[in-house]
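# Summary of structural features
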Amino acid sequence: MSGMTTDAEPQLRRNSLGLPELVFHAVTHIAPATSVVFIFPAIAHQAGPAMPLSFVLTTMVCMFVGSTVFQFSKYVPSSGGYYSFATRGLGSRSGFMATWSYLIYEIIGAAAAVGFLGYLLSDMLKAEFHLDVPWWIVATVTTALIWALTHRGIQLSARITTLLGGIELLIMLALGITFLVHPGHGSTYLAPLTPASSPHHFGGILAGMVFSVLALAGFEAPAPLAQEARLPGKSIGQAVMLSLVSIGTFYIFMSYASAIGWGTGDMASFASNANPYYVLGHSLWGAGWWFVVLAIINCAIAVGIACANSASRVMYTMGRAGTLPSKFGYIHPVHQTPTYAIGFVQIACAIAILLVGILLKPETIFGFLETVATLAVIVLYVMSNLALTRYMRREQPAHFSIWQHGVVPWIATLCLLPVLFVTVYPQPAWPYNITPYIFLAAMALGFAYMKRRESANPGSLERAAAAERSPR
């Protein structure tokens, strides 16, 4: 079986990541700058100036979802991340499909950020400097850069994500402070804190939560880095919860400041504007608007690094276990990174970017791929919540808590179902209306691969599941 190893074989670099690196890995995976610029207007369409209230409630809900990762990381710290979690809780086949959904989410989510960066920079260079740089060149160069950084080692890529994430947050916080110092026409500082200011009152705040959940997705990213983390049974869960609290607080502040900066009495125009932050940035910072562009560039690169690191560790574990080809379990002898898995992730990202950008339009890359990734992550979160309850009752009965391992995961699942519903209904316009079918086709491909793997190597999934259940 490919999971058998010897002491002479290269391994992931253990004890390389402390709590700060793990927190910033999660923070950059969440993509705060991109979420502010592209998701906040959708939230404002529902909640109006009361966007901060949507984020307060959403952060509380996501704490329930994060509790699942926290609990699993406490009992099952593994580079397999969700593969280990789902397999231990749901069994070999359901665990494999949950992990396949995770890989769709990671790969497609990274492709969305990098591909849209290519379109954004190409468009802005042409508009501002009359430079015609094709979008696909920018996206390809960014993909190659991410590939090189993640290949060179976890410590290097983690330090870069910490640096890029710090710069990104500082720029966006400075922009938010500027909004507060220069309020828009008709702004009142209490309006964002008043439910009545929402055009649909409390219903609008709840509707805004749907998109707020999407903005916070990614907090689970530290889980697959357990083998490279210091004290993973403790630090992974802490990083998940700290990233949730910190970015939840950041979103509450930025949504409040954005409403004040635009004008709390005219949030309908904020929601309908093609790029309200471009308008605000130009009017308040002038040429300094390029700092916001820098934050988006940092965000895209950091997201790509975080997704590649997380996805490749899961694929590495699956390669060692035998549920993916053994090449995925290869570790570079010098850099101590899963070279083959990292390369596969980057090639898959590039293919997704080029397919959507060429077959559809480059401006649709972000929305199209992010919708597919959203469907994948909701399925992943729901299956993981179910897995936690089964795992704790079966394998940790002495530590099972009805509230912590039964009620909390089910609350999280019930809160995610409306997000899934509004992603597909009412039916979005072309080409976004085909995203559910793209996701289902990708899942069907995973199911077909699983059956083929079982047919070619009978018992491989069960042996891999047994390996995940054995003491480490």
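Here the structure is shown first, and the text comes after it.
Residues numbered from 1 in each chain as written. Predicted model: local features only at pLDDT ≥ 70, side-chain atom pairs only at ≥ 80, totals over all residues. Heavy atoms only, no water.

### With respect to helix α12 (residues 289–321)
Residues separated by three or four positions in an α-helix point in the same direction, a consequence of the helix having 3.6 residues per turn. As a reminder, the rule being used: Secondary structure elements are defined from DSSP: runs of H or I of at least 4 residues count as helices, runs of E of at least 2 residues count as strands, and each element is numbered from the N terminus. Here the expected span of a helix is defined as 1.5 Å times the quantity of residues minus one.
Look at α12: 49 Å from first C-alpha to last across 33 residues, which is about the 48 Å you get at 1.5 Å a residue. Residue Gly-322 follows α12 closely and has a positive phi angle near 100°.

### What about helix α2 (residues 32–47)?
Short version of the rule: Bend is the name given here to the angle between axes fitted to two runs of seven residues, the run ending at a residue and the run starting at it. Relative accessibility thresholds used throughout: buried, under 20% of the residue-type maximum; exposed, over 50%; partly exposed, between the two (1.4 Å probe, protein chains only).
For α2, built from 16 residues, the straight-helix expectation of 22 Å at 1.5 Å per residue is missed by more than 12%, its first-to-last C-alpha distance being only 19 Å. Of all the bends in α2, the greatest reaches close to 45° and is centred on Ile-39; the proline Pro-41 follows between one and four positions later. Within α2, twelve of the 16 residues are buried, which leaves the element mostly enclosed by the surrounding structure. Among the residues of α2, those classed as buried are Pro-32, Ala-33, Thr-34, Ser-35, Val-36, Val-37, Ile-39, Phe-40, Pro-41, Ile-43, Ala-44 and Ala-47. Remark: Gly-48 follows α2 within two positions and exhibits a positive phi of approximately 65°.

### A look at the nonpolar core
Here is the rule: Think of a nonpolar core as a cluster: buried Ala, Val, Leu, Ile, Met, Phe, Trp, Tyr and Cys residues, connected wherever their side-chain atoms sit within 4.5 Å.
In terms of nonpolar packing, the biggest core is built from 138 residues, with Tyr-105, Met-172, Tyr-251 and Tyr-381 touching the most fellow members. No other element matches the 20 residues that helix α5 (residues 92–129) contributes to this core.

### A closer look at the packing of aromatic side chains
So the rule is basically this: Two rings from Phe, Tyr or Trp (for Trp, the six-membered ring) form a pair when their centres are within 6.5 Å of each other. A pair whose planes differ by under 30 degrees is stacked, one over 60 is edge-to-face, and the rest are tilted.
Going through the model one piece at a time under the given rule, you end up with 24 aromatic pairs. Considering the side-chain rings of Phe-250 and Tyr-251, the 5.8 Å spacing of their centres and the 45° angle between planes classify their relative orientation as tilted. A network of ring pairs unites the aromatic residues Phe-72, Tyr-82, Phe-85, Tyr-102, Tyr-105 and Tyr-391 as a single cluster.

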